[in-house]
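Observations on the model geometry
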There are 2 protein chains.
Amino acid sequence: MTILFYELVGRDTSRPFSPHCWKIAMALAHKGLDRSSLPTRFLDVPRVEGGISKTVPVIRDGDRVVADSFAIGLYLDEAYPERPTLFAGDGGKAMARFIERWSQLTVHPYVTTAALLDIHAMQDDENAAYFRSSREQRFGKPLEAVTAARDAGLASFRAALEPLRSMLGYQPFIGGASPLYADYIVFGALQWARITSPYRLLDDSDIVAQWFERCLDLYDGLGRTVEAAAAAQGFGNRQ
Amino acid sequence: MTILFYELVGRDTSRPFSPHCWKIAMALAHKGLDRSSLPTRFLDVPRVEGGISKTVPVIRDGDRVVADSFAIGLYLDEAYPERPTLFAGDGGKAMARFIERWSQLTVHPYVTTAALLDIHAMQDDENAAYFRSSREQRFGKPLEAVTAARDAGLASFRAALEPLRSMLGYQPFIGGASPLYADYIVFGALQWARITSPYRLLDDSDIVAQWFERCLDLYDGLGRTVEAAAAAQGFGNRQ
């Protein structure tokens, strides 16, 4: 059975960029489940499956519609227990929530800072206007003023990844010897940055960058099927 | 079978204070295993089990000697699989390592800052001299200068707990509905602070403080068998 997968795109429907949608793209590949992508722009979200959610990803699996990336991950493991597990036990389910909160509160704010203007630039006119208005209301300042802080914040962002960096000295994936949903949580955040912005978050020599490359290699290079913004735009910042 | 448990103490052998030893005290109780505590001062560690480790905890379980708190946790689960699990699956084992690294890099440095002088004050003369010398070499400054930074660092320490705080909005323990070794990892760090120093790390209204109290209640209040330094010394800082 093919799972319908509503995922966020901008003007170019071939460049899905949402961190939360990338978690699910990887999770579906991990489970070996076929998906049919339904490219969804910001302003399309209220019409997804009758407005079931304010955000995507949303999936439809036959009669079942599930919203919220973490809930989708849990659903996939429960619905397809005979396929490779995303959590590897109840402990993994519980602790993946900690990692999700860590990623959301540590990685996401800085990626937002670094990529906000680039994400805006990926939208068509109507969605760009919505994005600017909603985000400027959220941040209380122009998009340009948010992104202006990215150089000043880079070193402390990199330092904040130290728990992940240190853990990678013990094992190749957050999931241990092989990746689990917890890896896709953090991968999604860095893939969001990779696809939306040429701004360089990590040094190549960083063990975190090497783990990210390993994640890009998974499932026949699924993550690489969308070219990096740096390559797509032909330039990058110099660190 | 009773497990021999080498745990760190100061002058008062009834007040074990090491964060890593508290992880194992909780883990042994979780597994329902009897322990025989062998109070160990800093300068006794090189003589523990023929100098097997530079640190405690160390356990002896019959013929098996295991050092390093995480390794002991893994050993206990493997050796006693019929008793309540500490990790709840391979995912839990892997992700507990992330939480261990997060706690070590986020919670431990600030507790060290806050409690360093108080830990020094708990030692007998010989161990106090060792502690001062080794820690001043590590920090490159007097103990007093380290602890002088605690007021200035308190707000950012509390902010750094946000992933744990946010996760506790989803579930009562890091382990989910009930505690796992990952809970004892972070509990150990806060219990270390509680036993060594009257300095108040958390507001009572903080959901993290409430989780810590739940951990103190576990196993007939095992964590409360050692009185808080604040109560023991009859004073506390005012926030």
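For the structure, check the block above.
Residues numbered from 1 in each chain as written. Chains lettered and ligands numbered in written order. Predicted model: local features only at pLDDT ≥ 70, side-chain atom pairs only at ≥ 80, totals over all residues. Heavy atoms only, no water.

Moving on, we get to the nonpolar core. Counting 154 residues, the largest nonpolar core has A:W211 and B:W211 as the members making the most contacts within it. Setting aside residues no more than four positions away along its own chain, B:W211 makes contact with B:L164, B:L168, B:P172, B:F173, B:I174, B:D183, B:V186, B:F187 and B:L190. (Core = buried A, V, L, I, M, F, W, Y, C linked by side-chain atoms within 4.5 Å. Buried < 20%, exposed > 50% of the residue type's maximum accessible area, 1.4 Å probe, protein only. Contact = heavy atoms within 4.5 Å.)

Between chain A and chain B, the superposition needs a rotation of 180 degrees and an axial shift of 0.0 Å, giving an RMSD of 0.0 Å. In short, the pair behaves as if placed about a two-fold rotation axis. Mapped onto chain B, 100% of the interface residues of chain A again fall at the interface, so both copies present the same surface. (Least-squares fit on C-alpha atoms with pLDDT ≥ 70 in both.)

Moving on, we come to helix α4 (residues 125-139) of chain B. All names here are of chain B. Taking 1.5 Å of rise per residue, the 15 residues of α4 would be expected to cover 21 Å, and the 21 Å separating its terminal C-alpha atoms lies within 8% of that figure. Along α4, the positions that sit buried rather than exposed are N127, A128, F131, S134 and R135. Projection of α4 onto a plane perpendicular to its axis shows the buried side chains occupying an angular sector of 145 degrees, all on one side. The exposed residues of α4 that point more than 90 degrees off its buried face are D125, E126 and Q137. Elements that come into contact with the buried residues of α4 comprise α3 (90-121) and α5 (143-147). (Helix = DSSP H or I, 4+ residues; strand = E, 2+ residues; numbered from the N terminus. Expected span 1.5 Å × (residues − 1). Arc of directions from axis to C-beta.)

In the segment running from A:V56 into A:P57, the intervening peptide bond is cis, with an omega of 15 degrees. Along the chain, A:P57 falls in the loop between β2 (35-40) and β3 (58-61).

Here the focus is the packing of aromatic side chains. Residues and elements named next belong to chain A. Applying the stated criterion to the full structure yields 22 aromatic pairs over all chains. With a centroid separation of 5.8 Å and an interplanar angle of 45 degrees, the aromatic rings of F42 and Y130 are classed as tilted. Of the two residues, F42 sits in the loop between β2 and β3 while Y130 sits in helix α4 (residues 125-139), which places them 88 residues apart along the sequence. For F42, a relative accessible area of 12% puts it in the buried group. Look at Y130 and you get partly exposed, because its relative accessible area is 31%. (Phe/Tyr/Trp six-rings, centres within 6.5 Å; stacked < 30°, edge-to-face > 60°.)

With respect to the helices and strands, the residue A:T147 is situated in helix α5 (residues 143-147). Overall, A:T147 belongs to the buried group, its relative accessible area being 8%.

Residues and elements named next belong to chain A. The mixed open sheet is built from four strands, whose spatial order is β2-β1-β3-β4. Each edge of the sheet is formed by a strand with only one pairing partner; in this case those strands are β2 and β4 (64-67). This sheet shows a mean twist of 20 degrees between the axes of neighbouring strands, independent of strand direction. Note that β3 and β4 share four bridges and pair antiparallel. (Pairing = 2+ DSSP bridges. Axes fitted to C-alpha atoms, helices over the stretch in contact; angles between N-to-C directions.)

To continue, consider the interface of chain A and chain B. Taken together, the 28 residues of chain A in the interface contact 28 residues of chain B. Note on chain A versus chain B: buried area summed over both sides is about 2200 Å², and carbon and sulfur give 77% of it. At the boundary of chain A with chain B, the tally comes to zero salt bridges. Counting the contacts that link chain A with chain B gives eight residue pairs in polar contact (both at pLDDT 80 or more). Those elements giving two or more residues to the side of chain A that touches chain B turn out to be α3 (90-121) and α7 (162-167) of chain A. (Buried area = accessible area lost by both parts, 1.4 Å probe. Salt bridge = Lys/Arg side-chain N within 4 Å of Asp/Glu carboxyl O. Polar contact = N/O pair within 3.5 Å; in protein donor to acceptor, adjacent residues only side chain to side chain.)

Attention shifts here to the packing of helix α1 (residues 19-30) of chain A against helix α9 (residues 207-221) of chain A. All names here are of chain A. One way to put it is that α1 packs onto α9 with a least axis distance of 10 Å and a crossing angle of 50 degrees. Judged by the angle between their axes, α1 and α9 are oblique. Where α1 crosses over α9, the handedness of that crossing is left-handed. Where α1 approaches α9, its residues M26, A29 and H30 are matched on the opposing element by C215, L218 and Y219. (Parallel < 35°, antiparallel > 145°, perpendicular 65-115°, else oblique. Left-handed = near helix turned anticlockwise from the far one by under 90°.)

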